[in-house]
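Now for the letters of each chain:
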Amino acid sequence: MQLMKNLPVKAPVLSTCIVIAALLTACGGGGGSPGTTGMPISSGGGTGGTGGGTTTPTTPTVALALVDGNGSAINSLSGAQTGSLKATVKSASGALLPNTVVTFAASDTALVNFTPASALTDANGVAVVSVSPSSVTAAGALTITATAVVDGRTAIATVNMAVGAAPLTVGTLSFTPAPTGALPAFSTIQLNIPVTSGGHPATSVSGLTLSSLCVGDGLATLVQGSLANGVQTATYTNKGCLRGTDTITASIGNSSKTIQIDVSPAAIGAITFTGSSVSGSSIVLRGSGGLGRAEAAQVNFRVVDQQNNGLAGVDVTFKATTTTGGLTVSPLKGTTDAAGNVSTVVSSGTIPTPVRVIAEATRGGSVISGLSDTLTISTGLPIQKSMSMSTSARNIEGATVDNTKATIAVLMADQYGNPISDGTAINFVTEGGAIGSSAQGACVTVNGGCEVQVRSQDFRPVNNRVTLLAYAQGIENFTDLNGDGQYTCANPLISSGTVYRPLVDTCVSGGEPFADQGDPFLDTGLLAVQTGFGPMTSFDGVYHPLNGDLPIPYNRTAYSAAGDGKWGINYIHTSIELVFSGSTAHLVRQVCNGSDCRDWTAADGDPTLILGLAGTSCREQSLTFRLFDDKNNPMPFSSTVAATNASKVAPKSVAPGQVPSTTMIGGTIHSVVITPEEKCASGSFAIAVATPLGTITSFNFRSE
């Protein structure tokens, strides 16, 4: 060019320069614009300057390829597969560039992982990294970008690829340690489950399901453990499976494997009695059922293993400790349910007896026995001779006071003196006041007895003596000649079956002796006020409807004092008399000869004067007196009686010092000993009677 500058300017020379310039342009030489410096250029170079003729690359280039382990181009990865990303970097002149940093990036970072994320090109200008799906379940499409910067210029190359979830495959199952026999109950063993993804050991496992026949029975468990080197572990526990051999299945998707293991059932730990179907522990004799009483009872047992877990499928046999009177147990054999429960039924015979049920559980040649609680076989029905009634106080302060109360208790037993079955209703009728509760004028037995309250109020009988009647359905008294605990008949009319049922069938003749009862009634007794000191009650035992006697008919259209001539159920009953005592006391001095006493009369002198307490040869004297209320009835129960206001005499304690619970006509007898003073001077004292509600009546006495 310097030579050309020294040449003279001539037209031919200019033409030559144009030709040379054109040639230089064709070779990629100077001329034209070099383009924009530093802009990214896609793989394979890009556009050169804008000069005329054919262009050549002016920036570095990157070529990117995804290959498998054999170097073959691929466009997808799945599961545990790993591919290689190869980025080839060249200079603008096309020369391979070593030691150049290439960075790799994914458009969706959740789908793939790079190892490493960047690399240096080798001597051949190639940078290699590994790429793999982020998980065996990752799936989708993405773009991978390789970026290199050379002399301030950036070159980028991309490749598109797909990521697919690789199916997991279950391999052959095994146990550690290998079983050498049946796995005992409550023992564990490790189950090994190989899992691969695309032929490679899985690094994570999801969707694995484990099942077995014994697990389905509730008699085994499978619990997943850890994953290592593509092997998922699980712990298998035999909880006493009854199958002998269990089949275990491990599944992931459509891939599954099975393995079998021999298992032993749990040994029996114990068999225990858990209860019966009857309230309490009593059933009644065959043919005596009804009135809420059962002739049979279901007895329940439970079989458990050494861990106190219920054992299913255990055979249990039953037998009674006695078969007296035809007592039976059925069924004689049963099999425990899933909770280890098993039952049988005891049916009564015709003779009262206690009985237990023996249950024997058998498994694997071992037998364990259990014993039920005692059941009592009895009539269960109350009998007239064993019915009694009592009260907390026979004389309550209720003649002029309302709502004074006493507790009435009734006790009943059966033919053998055993408390009757719970739930027997006892009804009450009263001549005066009120008895029972607002809910019912009755009570229901517990352990053979029950209680109600009676209270004072109108109506009050003229003599303030109130009859209370308790009645219930029970059986008439009979003489048990053969000792079988029930009424026996030689010639019965049996309505069904072959066994005589005393309370159901008719005894034509040849029955055991019995006390035929008429209808019970409320015996109001003698209505007038009784004088003097006499009996405990005013009952006369005669039915007088005009006196207020109330019949309690059973299968009658009218009251009948006579029975029906048949032994059976009737209204058994009992009565007591209660006194609504007055609050004001009356006192009559007594003349006694030993234990025999009578009321003081005018012929006996001044009743308030105690002779022998004063004057010459004075000594201790005894005062005996009778206390009663306005109707010649006892003073209220627990009224106190004491000597007070003593002057020059010393009374001792009154005996008894309280009015007892009594209905004695004429009241109660009391005594007190009075000691004179040393000089035998005349003195005085008083007898004070105080009722529970606070009324005090005093009686003065003196000595001369």
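Residues numbered from 1 in each chain as written. Predicted model: local features only at pLDDT ≥ 70, side-chain atom pairs only at ≥ 80, totals over all residues. Heavy atoms only, no water.

Asker: Please explain the overall build of the protein as it appears in this structure.
Answerer: From N to C terminus, the protein includes three helices and 51 strands. Pairs at least 24 apart in sequence give 66% of the contacts found in the protein among residues at least 6 apart. (Helix = DSSP H or I, 4+ residues; strand = E, 2+ residues; numbered from the N terminus. Contact = heavy atoms within 4.5 Å.)

Asker: Would you mind going over the sheet that holds strand S30 (residues 375-378) with me for this structure?
Answerer: Think of a sheet as strands paired side by side through backbone hydrogen bonds, with each pair either parallel or antiparallel. With mixed pairing, the three strands of this open sheet are ordered in space as S21-S30-S27. Strand pairing shows two members of the sheet lacking a second neighbour, strand S21 (282-284) and strand S27 (353-355), which therefore form its edges. If you compare each strand with its neighbour and ignore which way they point, the axes differ by 25° on average. Bridging between S21 and S30 involves three bridges; their strand directions are parallel. Counted as the bridge partner of Val-284 is Ser-378 from S30. (Pairing = 2+ DSSP bridges. Axes fitted to C-alpha atoms, helices over the stretch in contact; angles between N-to-C directions.)

Asker: I would appreciate a short explanation of the pairing of strand S37 (residues 449-455) in the present structure.
Answerer: Two faces make up the sheet, and in a regular strand the side chains alternate between them. By the bridge criterion, seven bridges tie strand S33 (residues 405-412) to S37 in an arrangement that is antiparallel. Among the inter-strand pairings, Ile-408 is bridged to a residue of S37, identified as Val-452. With two bridges joining them, strand S35 (residues 434-435) and S37 adopt antiparallel strand pairing. Within the sheet, the bridge partner assigned to Ile-435 lies in S37 and is Val-454.

Asker: I would appreciate a short explanation of the nonpolar core in the present structure.
Answerer: Note on soluble globular proteins: their nonpolar side chains tend to be buried together. Ranked by size, the top nonpolar core spans 29 residues in total, and within it Leu-64, Leu-85, Phe-104, Val-112 and Ile-144 carry the most contacts. For this core, the secondary-structure elements that each account for two or more residues are strand S2 (61-67), strand S4 (83-90), strand S5 (101-106), strand S6 (112-115), strand S8 (126-133), strand S9 (140-150) and strand S10 (153-164). Core analysis: the second largest hydrophobic core is formed by 26 residues, Leu-285, Val-314, Val-357 and Leu-375 among them. (Core = buried A, V, L, I, M, F, W, Y, C linked by side-chain atoms within 4.5 Å. Buried < 20%, exposed > 50% of the residue type's maximum accessible area, 1.4 Å probe, protein only.)

Asker: Honestly, the pairing of strand S29 (residues 366-371) in this entry has me stumped. Any pointers?
Answerer: Pairing geometry for strand S28 (residues 357-363) and S29, over six bridges, is antiparallel. Following the sheet pairing, Ala-361 is matched in S29 by Ile-368. In this antiparallel pair of consecutive strands, S28 and S29, the connection spans two residues, and Gly-364 shows a positive phi of 55°.

Asker: I'm lost on the packing of aromatic side chains in this one. Help?
Answerer: To describe a pair of aromatic rings, one takes the distance between the centres and the angle between the planes. Under the counting rule described, the total for this entry stands at 11 aromatic pairs. Ring centres of Tyr-487 and Trp-567 lie 4.6 Å apart, and the angle between their planes is 10°; on these two criteria the pair is classed as stacked. Note that Tyr-487 is positioned in the loop between strand S38 (465-475) and strand S39 (489-493) and Trp-567 in the loop between strand S42 (550-551) and strand S43 (569-580), a separation of 80 residues in sequence. For the pair Tyr-487 and Trp-567, one class covers both residues: buried. On the numbers, 5.6 Å between centres and 20° between planes, the contact of Phe-685 with Phe-701 is stacked. Here Phe-685 is found in strand S50 (residues 684-690), whereas its partner Phe-701 is found in strand S51 (residues 696-702), with 16 residues between them in sequence. (Phe/Tyr/Trp six-rings, centres within 6.5 Å; stacked < 30°, edge-to-face > 60°.)

Asker: Help me understand unusual backbone geometry in this model?
Answerer: Apart from glycine, the bulk of residues carry a negative phi angle, and the bulk of peptide bonds sit in the trans form. Between Thr-115 and Pro-116 the backbone carries a cis peptide bond, its omega angle lying at -10°. Among the structural elements, Pro-116 can be located in the loop between S6 and strand S7 (118-120). In this structure, the amide linkage connecting Thr-176 to the following residue, Pro-177, adopts the cis form with an omega of -5°. At Ser-638, a residue that is not glycine, the phi angle is positive and equals roughly 75°. Relative to the helices and strands, Ser-638 resides in the loop between strand S46 (621-628) and strand S47 (640-647). On the basis of relative accessible area, Ser-638 is assigned to the partly exposed category, the value being 25%.

Asker: Got a minute to help me understand the state of the cysteines in this structure?
Answerer: A covalent bond between the sulfur atoms of two cysteines is referred to as a disulfide. In this structure the tally under the stated criterion is five disulfides. Disulfide pairing places Cys-214 opposite Cys-241 at an S-S distance of 1.9 Å. One quick way to see it: the torsion about the S-S bond of Cys-214 and Cys-241 is about -75°, and its sign makes the bridge left-handed. Here Cys-214 is found in helix H3 (residues 213-217), whereas its partner Cys-241 is found in the loop between strand S17 (231-238) and strand S18 (245-252), with 27 residues between them in sequence. The exposure class assigned to Cys-241 is buried, which follows from its relative accessible area of 0%. (Disulfide = S-S within 2.5 Å.)

Asker: Please clarify how the confidence of the model for the protein should be interpreted in this entry.
Answerer: Where the model shows low pLDDT, its predicted coordinates should not be examined in detail. Of the residues in the protein, 90% have a pLDDT of 70 or more, and the chain-wide mean is 86. Per-element averaging of pLDDT across the protein places helix H2 (residues 11-26) at the bottom with 34 and strand S32 (residues 395-396) at the top with 98. In this model residues 1-54 is a low-confidence stretch, pLDDT under 50, and it forms 41 contacts with partners more than four residues away in sequence or in other chains. (pLDDT = per-residue confidence, 0-100.)

Asker: What is the right way to look at the sheet that holds strand S19 (residues 255-262) in this model?
Answerer: Taken together, three strands build an open sheet; the order of strands is S15-S18-S19 and the sheet is antiparallel. Because the sheet does not close on itself, it has two edges, and the strands there are strand S15 (208-212) and S19. The mean angle between the axes of side-by-side strands here comes to 15°, regardless of whether they run parallel or antiparallel. Two strands pair when backbone bridges link them, and S15 and S18 are joined in this way by five bridges, in the antiparallel orientation. Looking at the pairing, Ser-211 lines up with Thr-249 of S18.

Asker: Would you mind showing me how to read the pattern of salt bridges here?
Answerer: Side chains that carry opposite charge are capable of pairing whenever their charged atoms lie near each other. In the structure shown here, the tally under the stated rule is nine salt bridges. Here Arg-460 makes a salt bridge to Asp-458, at a shortest N to O gap of 2.7 Å. The exposure class assigned to Arg-460 is buried, which follows from its relative accessible area of 16%. Overall, the relative accessible area of 57% leaves Asp-458 in the exposed class. Through salt bridges with shared partners, a single network forms among Asp-402, Asp-458 and Arg-460. (Salt bridge = Lys/Arg side-chain N within 4 Å of Asp/Glu carboxyl O.)

Asker: Explain the environment of Ala-157 here, please?
Answerer: Take Ala-157: it is sitting in strand S10. Residue Ala-157 is classed as buried on the basis of its relative accessible area, which comes to 3%. Counting along the chain gives 93 residues from Ala-157 to Leu-64, while the straight-line C-alpha distance between them is 5.8 Å.

Asker: Just checking my understanding: could you explain the side chain of Glu-476 for this structure?
Answerer: Inspection of the secondary structure assignment puts Glu-476 in the loop between S38 and S39. For Glu-476, a relative accessible area of 1% corresponds to the buried category. A distance of 3.3 Å separates polar atoms of two side chains, one belonging to Glu-476 and the other to Asn-570. Discounting residues that sit within four places of it in the chain, Glu-476 has contacts with Ile-383, Phe-514, Ala-515, Asp-516, Gln-517, Lys-566, Trp-567, Gly-568 and Asn-570. (Polar contact = N/O pair within 3.5 Å; in protein donor to acceptor, adjacent residues only side chain to side chain.)

Asker: Just checking my understanding: could you explain the environment of Ile-283 for this structure?
Answerer: Within the secondary structure, Ile-283 sits in strand S21. Overall, the relative accessible area of 0% leaves Ile-283 in the buried class. For Ile-283 and Thr-376, which are 93 residues apart along the polypeptide, the C-alpha to C-alpha distance reads 6.2 Å. Among residues more than four places away in sequence, those in contact with Ile-283 are Val-278, Ala-294, Glu-295, Ala-296, Ala-297, Val-346, Ser-348, Thr-376, Ile-377 and Ser-378.

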